[in-house]
Amino acid sequence: MPESRIDFAIQLHTQGYRLTSQRNLILEAVRQAKAHLTPEQVYDRVHRRNPTISRATIYRTLDFLCEMRLIHAMYWGGQMYYEIVGDEPHHHLICRDCGAIEQLDHALLEELIGAVQKQHRFNIDVDHIALFGLCRKCRNNERKPAAR
Ligand SMILES: [Zn+2]
Ligand SMILES: [Zn+2]
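Note that this is a predicted model, so its numbers are computed, not measured. Residue positions are given per chain, counting from 1 as you read along its sequence in written order. As they are written, the chains are lettered A onward and the ligands numbered 1 onward, keeping that order. Side-chain atom pairs in this predicted model are given and counted only at pLDDT of 80 or more, local residue features only at pLDDT of at least 70, and totals for whole chains, interfaces and linings cover all residues.

J.: Outline the sheet that holds strand 5 (residues 130-133), listing residues and values.
T.: At least two bridges found by DSSP between two strands are what make those strands a pair. Secondary structure elements are defined from DSSP: runs of H or I of at least 4 residues count as helices, runs of E of at least 2 residues count as strands, and each element is numbered from the N terminus. The sheet built from three strands is open, its strands ordered 4-3-5 with mixed pairing. Only two strands of the sheet have a single partner each, and these edge strands are strand 4 (101-104) and strand 5. Direction aside, neighbouring strands of the sheet carry axes that sit 25° apart on average. By the bridge criterion, four bridges tie strand 3 (residues 91-95) to strand 5 in an arrangement that is parallel. A fitted line through C-alpha atoms represents every axis, and for helices the fit uses only the stretch in contact; the resulting angles, taken between N-to-C directions, go from 0 to 180 degrees.

J.: Could you give an account of the packing of helix 2 (residues 21-33) against helix 4 (residues 55-67), with specific residues and numbers?
T.: The interhelical angle for the contact between helix 2 and helix 4, taken along N-to-C directions, is 80°, at an axis separation of 10 Å. Accordingly, the angle class assigned to the pair helix 2 and helix 4 is roughly perpendicular. Here Gln-22, Arg-23, Ile-26 and Leu-27 of helix 2 lie close against helix 4, whose contacting residues are Ile-58, Thr-61, Leu-62 and Leu-65. Its residues assigned to classes, the contact of helix 2 with helix 4 shows five nonpolar, two polar and one charged. Working definition: roughly parallel below 35 degrees, roughly antiparallel above 145 degrees, roughly perpendicular at 65 to 115 degrees, and oblique for all remaining angles. Any two residues are considered in contact once their C-beta atoms, placed from the backbone, lie within 7 Å. Basically, the charged four are Asp, Glu, Lys and Arg, the nonpolar ten are Ala, Val, Leu, Ile, Met, Phe, Trp, Tyr, Cys and Pro, and anything else, Gly included, counts as polar.

J.: Could you give an account of the packing of helix 2 against helix 3 (residues 39-49), naming the residues involved and the relevant values?
T.: Packed helix pairs are characterised by how far apart their axes lie and by the angle those axes make with each other. Interhelical geometry of helix 2 versus helix 3 gives an angle of 120° and a closest axis separation of 9 Å. Taken together, the axis directions place helix 2 and helix 3 in an arrangement best described as oblique. Here the hand of the crossing between helix 2 and helix 3 comes out right-handed. Contacts between helix 2 and helix 3 involve Leu-25, Ile-26, Ala-29, Val-30 and Ala-33 on the former and, on the latter, Val-42, Arg-45, Val-46 and Arg-49. Among the residues forming the contact of helix 2 with helix 3, the class breakdown is seven nonpolar, no polar and two charged. Left-handed describes a crossing in which the near helix is turned anticlockwise from the far one by less than a right angle; the clockwise case is right-handed.

J.: Let's hear about the pairing of strand 1 (residues 71-76): which residues, and what values?
T.: Note: strand 1 against strand 2 (residues 79-84), six bridges, orientation antiparallel. Residue Met-74 lies in a different strand from strand 2, and its bridge partner there is Tyr-81. Hairpin remark: strand 1 followed by strand 2, antiparallel, with two residues in the connecting loop; positive phi at Gly-77, about 55°.

J.: Before we move on, could you go through the domain arrangement of the chain and cite the residues and values that matter?
T.: Looking at the assigned domains, one finds that the chain contains domain 1 (3-84) and domain 2 (91-143). Domain delimitation in this document rests on an assignment produced automatically or drawn from a domain database. Here domain 1 and domain 2 have C-alpha centroids that lie 24 Å from each other. Contact with domain 1, which involves four residues of that partner, is made by four residues of domain 2. Grouping the amino acids of the side of domain 1 that touches domain 2 by side-chain chemistry returns two nonpolar, two polar and no charged.

J.: Please provide a residue-by-residue account of unusual backbone geometry, values included.
T.: Peptide bonds are, in most cases, trans, and in most cases residues other than glycine have a negative phi. Backbone geometry at Lys-34 places phi at a positive 45°, although glycine is not the residue there. The residue Lys-34 is located in the loop between helix 2 and helix 3 in this model.

Laid out in structure tokens, this is it:
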């Protein structure tokens with residue numbers, strides 16, 4: 001049994017659920033992609049392995065797995081994305097212009113998160129934070145005078 005399957009099973013079990021083969025198939029599809037997937041991309045990957053699972057079932061299962069915190073759901077640029085929750089928290093810098101995604105080190109955010117939690121007595125979901133802005137490339141483009 002792959003290690004990830006045991007992890008998924010344990011995490012679901014502690015929340016009172018079973019890792020069904022369908023849930024496992026969807027989790028594996030998202031995990032193996034090692035990327036942020038749109039619902040459509042998740043459907044494609046799952047469908048290739050098991051064409052009998054309906055789109056509605058896949059979307060419903062994705063919602064369920066997000067509730068179980070096995071999968072992250074993110075909404076940006078008018079689109080939903082899914083990604084597996086890893087062992088380590090990881091964060092993103094997302095360019096609002098070109099959509100480029102960079103990984104952001106957790107250590108850089110730790111201090112800020114600590115300060116916010118203390119001042120606001122607000123518990124931040126710290127495993128996956130997205131910060132929006134302009135990437136280096138787009139920033140440089142913006143500085144140049146508009147081409148005619
Ligand atoms: Zn991510
Ligand atoms: Zn950009």
